[in-house]
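The primary structure of each chain is shown beneath.
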Amino acid sequence: MKIVIHPHVDLDACACVALAGVPVDEVYFLPANATKVPDELAGARILDHDLGWKGASDSQGGIHAAALSMPEAAELLGSDLLAEIDEQDRFGQVQQPRFSLGMILAGLRRELAAEGLEGEVLDRAILRVMVPILRGLIRLERQRRQGEANAVPLPTVQIGTWKFALRHAPMQEPIADMALAGCVGVVWADGLALGVTRYPGQTEPDLTRLAPFLPGWFIHPAGFLACWGSRKAPATSPPPPGTPQTLDELVQLLQSLFSTGMNK
């Protein structure tokens, strides 16, 4: 059976594929901002996507990760595994990860052994998976250190009682926005894309308040992101008329909404 998820996969999308139990070559990608399912994917099971299975609201109105509400997850409800997937999906990070690299390796060994692999064949299969993961982590750490060494300081702007960094550049450039003391987030522009992001660990401001002023934009239910265009849904046109078209216009909206005395 064909499985459809969004591109630039996150942990929730990966978990959906794992729970569905399908081979990776049966997975297809549909941008998060797609408004219809292509004919060639008719009848496919669509997961972690607004056109299909996108999770469920709890009694407080929060949206949980799509994987949590899949029928296949029923036997795992209350587990650390689903809790970590949900925390990553709702808040953009996991403050205290429940699974170490050693446990991940142990889980991989258990899965491959269940497929009948053993001995040297099993060890080589583990290496084929774990070595790219570890090389990738090494690459990320090297890039982080190089980025810190070559970082270009960013300007900041005051929005209500909070300070935000301003980024006029693609996200992958080594720019030290998170290192700026006192900043709670960043307002960014990347081509046609615009957005405001609250840094992990910050709880204010609540960006869901932007929803009435940004029709057509994506507003994360956890309140840490509001954007037009993203890696999951690349912007191929300017933001909708009547909404901010530039970084300066987005800052003006934020300052108007979150001005001093209106932060609650």
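The rules behind the values
Residues numbered from 1 in each chain as written. Predicted model: local features only at pLDDT ≥ 70, side-chain atom pairs only at ≥ 80, totals over all residues. Heavy atoms only, no water. Axes fitted to C-alpha atoms, helices over the stretch in contact; angles between N-to-C directions. Helix = DSSP H or I, 4+ residues; strand = E, 2+ residues; numbered from the N terminus. Contact = heavy atoms within 4.5 Å. Nonpolar A, V, L, I, M, F, W, Y, C, P; charged D, E, K, R; others polar. Pairing = 2+ DSSP bridges. Buried < 20%, exposed > 50% of the residue type's maximum accessible area, 1.4 Å probe, protein only. Arc of directions from axis to C-beta. Salt bridge = Lys/Arg side-chain N within 4 Å of Asp/Glu carboxyl O. Phe/Tyr/Trp six-rings, centres within 6.5 Å; stacked < 30°, edge-to-face > 60°.

1. Quick notes on the packing of helix H1 (residues 11-20) against helix H2 (residues 80-91)
- Direction vectors running N to C along H1 and H2 enclose 145°, while the axes themselves pass 9 Å from each other. Each of Leu11, Asp12 and Ala15 in H1 lies in contact with H2, whose residues at this interface are Glu84, Ile85, Gln88 and Asp89.
- A per-class count over the contact of H1 with H2 returns three nonpolar, one polar and three charged.

2. As for the sheet that holds strand S7 (residues 193-198)
- Pairing is mixed in the open sheet, where six strands are placed in the order S4-S5-S6-S7-S9-S8. Each edge of the open sheet is held by one strand with a lone partner, namely strand S4 (156-159) and strand S8 (218-219).
- Here S7 pairs with strand S9 (residues 225-228) via four bridges, running antiparallel. Among the inter-strand pairings, Thr197 is bridged to a residue of S9, identified as Leu225.
- Contacting S4, strand S5 (162-167), strand S6 (183-190) and S7, helix H5 (residues 247-257) runs over the sheet at an angle of about 145° to S6.

3. With respect to the sheet that holds strand S2 (residues 27-29)
- Strand order in the open sheet made by the three strands is S2-S1-S3, with parallel pairing throughout. The open sheet has two free edges, formed respectively by S2 and strand S3 (45-46), since each of these has just one partner strand.
- Here two bridges tie strand S1 (residues 3-5) to S3, and the two strands are oriented parallel to one another. Residue pairing across strands places Val4 opposite Ile46, the latter belonging to S3.
- Most of the contacts of H1 go to S1, to which it runs at about 170°, and overall it touches S1, S2 and S3.

4. Topic: the pairing of S7
- Burial of S7 is extensive: six of the six residues sit out of reach of the surface.
- Covered by surrounding structure in S7 are Ala193, Gly195 and Thr197 together with Leu194, Val196 and Arg198, the residues of both alternating faces.
- With six bridges connecting them, S6 and S7 associate as antiparallel partners. In the sheet register, Val187 faces S7, and the bridge partner there is Val196.
- Between the end of S6 and the start of S7, which pair antiparallel, lie two residues, with Gly191 showing a positive phi angle near 65°.

5. Some details on unusual backbone geometry
- Pro205 follows Glu204 through a cis peptide bond whose omega is 0°.
- Summarising the element assignment, Pro205 is placed in the loop between S7 and S8.
- Phi is positive for His8, close to 50°, though the residue is something other than glycine.
- The residue His8 is located in the loop between S1 and H1 in this model.
- For His8, a relative accessible area of 48% puts it in the partly exposed group.
- Even without being a glycine, Asp48 presents a positive backbone phi close to 50°.
- Within the element layout of this structure, Asp48 appears in the loop between S3 and H2.
- Judged by its relative accessible area of 3%, Asp48 falls in the buried class.

6. Points about H5
- Among the residues of H5, those classed as buried are Leu247, Leu250, Val251, Leu253, Leu254 and Leu257. Buried positions in H5, seen along its axis, are confined to an arc of 160° and lie on one side of it. Exposed and oriented more than 90 degrees from the buried face of H5 are Asp248, Gln252 and Ser256.
- Looking at the buried side of H5, the elements it contacts are S4, S5, S6 and S7.

7. Observations regarding the pattern of salt bridges
- Under the criterion given, the structure shown has nine salt bridges.
- Between Asp10 and Lys232 there is a salt bridge whose closest N-O contact spans 2.7 Å. Remark: Lys232 occurs in the loop between S9 and H5 and Asp10 occurs in the loop between S1 and H1; sequence separation between them is 222 residues.
- With its nearest N and O atoms 2.7 Å apart, the salt bridge here joins Arg45 to Glu72. Of this pair, Arg45 sits in strand S3 while Glu72 sits in the loop between S3 and H2; the two residues are 27 residues apart in sequence, bridging distant segments of the chain.
- Since its relative accessible area comes to 21%, Arg45 is described here as partly exposed.
- Judged by its relative accessible area of 28%, Glu72 is partly exposed.

8. Here we look at the packing of aromatic side chains
- Enumeration over the complete set of coordinates arrives at one aromatic pair.
- With a centroid separation of 5.9 Å and 85° between ring planes, the pair formed by Trp162 and Phe258 is classed as edge-to-face. With Trp162 in strand S5 and Phe258 in the segment after H5, this pair connects stretches of sequence that are 96 residues apart.
- By relative accessible area, Trp162 is classed as buried at 11%.

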